[in-house]
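Descriptive structure summary
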Amino acid sequence: MVKPFTPQLVYFEPGALEYPLGKTLVNKFKEMGIETRQTTSHNQIRNLPGENHFQKYRIAKSTLVVGVRKTLKFDTSKPSAEYAIPFATGCMGHCHYCYLQTTMGSKPYIRTYVNVDEILESAESYMEERAPDETRFEASCTSDIVGVDHLTHSLKKAIEYFGQSKYGKLRFVTKFAHVDHLLDANHNGKTRFRFSINDDYIIKYFEPGTSRLNERIEAAIKVANAGYPLGFIVAPIYLHEGWKEGYGEMFQKLEAELPSFAKKNLTFELIQHRFTMPAKRVIQKNYPMTKLELDEAKRKYKWGKYGIGKYVYKDEEQEDIKDTLGGYLKRYFPEAKMEYFT
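Attention here is on the structure that accompanies the text. Worth saying up front: this structure is predicted, and the values here are computed from it rather than measured.

1. Description of the state of the cysteines
- With the rule as written, the count across this model stands at zero disulfides.
- Not part of a disulfide, Cys-95 finds its nearest cysteine sulfur in Cys-98, a span of 6.2 Å.
- Overall, the relative accessible area of 22% leaves Cys-98 in the partly exposed class.

Written out as structure tokens, the structure is:
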């Protein structure tokens, strides 16, 4: 079982200590006996320990930086929400395929932001602008927020904030089962709690440092019992030998274990594996022994919005994925809503 994240090293921006959460965290880490250091900026962590890239990368992934989020302009989000809301950046998991590897680049350490009230005030202005339409905020575009929230409780605060809001809704996704502190939050049904799931082969070979499938399902049951609307992201859908059986078993297991009431208001998002050339270079540098198939010749090139194209599965393979997984969804979760396949 993966234990909740404990950083080996924590950096604080001076400004972070002017906020109540910053003060709480510095005391918490000192009590835990974790080394704390000062840094001028959460974007400028230099001299991380390690003799080579391999060591430095792994140490960075167990380093937490406590800072102030200065940019309070939110990005528009993925298909699942109108805006991304930033409480943290980076992840302690070691998923080989993760897009954060390229977006984080030379800063793979985890950052958490202590000016939560300011971030929520900014969210309020976005909601007012769109009212009376509903505005959905995605809290996990740049991090696995649940992976760090047992330390910070920023997400819990946000869940309760959106629970009281008139036009706002919150969503996030996680691969971690450390959800107990979120179960008593006053969410009022305004937060959709999603879990990223995959077949055993992918979790075993490509998702080290994350909770196993059975742990994620157990956590999902707790979340459903706490009254949260529930969702699952199946991502990345990856074609390996026996993938149809693997995904079939995954859906079967999920259907068998979820309580029947949790299957009523359930969403699924399906995302096929894709990669860019910059991502391929970073992945092979960070995980030189990976079994991940990154052969452009076996893929179809799809032009990207920002000039960087990605390699996705060929049309007939995409159809096969859609038919196979769509079939499993109809069979095991006929009442669920499939939000998108991409």
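2. Structural notes on helix α11 (residues 315-332)
- Relative to the 26 Å expected for 18 residues at 1.5 Å per residue, α11 spans 26 Å between its end C-alpha atoms, a close match to the ideal helical length.
- Residues of α11 that are buried include every one of Gln-318, Ile-321, Thr-324, Leu-325, Gly-326, Tyr-328, Leu-329 and Tyr-332, and no others.
- Looking at the buried positions of α11, the neighbouring elements they touch are β10 (230-237), α9 (243-257), β11 (266-272), β13 (310-312) and β14 (337-341).

3. Some details on the side chain of His-187
- Position of His-187 relative to the elements: it lies in the loop between β8 (168-174) and β9 (191-197).
- A distance of 2.8 Å separates a polar side-chain atom of His-187 from the backbone nitrogen of Gly-189.
- Apart from residues no more than four positions distant in its own chain, His-187 is found in contact with Ile-159, Gly-163, Ala-226, Gly-227 and Tyr-228.

4. Notes on the sheet that holds strand β6 (residues 110-113)
- Ordered by their spatial adjacency, five strands build an open sheet running β2-β1-β3-β6-β5, and the pairing between neighbours is mixed. Of all strands in the sheet, those bounded by a partner on one side alone are β2 (35-38) and β5 (88-89).
- Each of β1 (9-12), β2, β3 (63-67) and β6 touches helix α1 (residues 20-31); the most contacted strand, β1, lies at about 150° to it.

Each value, and the rule that gives it
Residues numbered from 1 in each chain as written. Predicted model: local features only at pLDDT ≥ 70, side-chain atom pairs only at ≥ 80, totals over all residues. Heavy atoms only, no water. Disulfide = S-S within 2.5 Å. Buried < 20%, exposed > 50% of the residue type's maximum accessible area, 1.4 Å probe, protein only. Helix = DSSP H or I, 4+ residues; strand = E, 2+ residues; numbered from the N terminus. Expected span 1.5 Å × (residues − 1). Contact = heavy atoms within 4.5 Å. Polar contact = N/O pair within 3.5 Å; in protein donor to acceptor, adjacent residues only side chain to side chain. Pairing = 2+ DSSP bridges. Axes fitted to C-alpha atoms, helices over the stretch in contact; angles between N-to-C directions.

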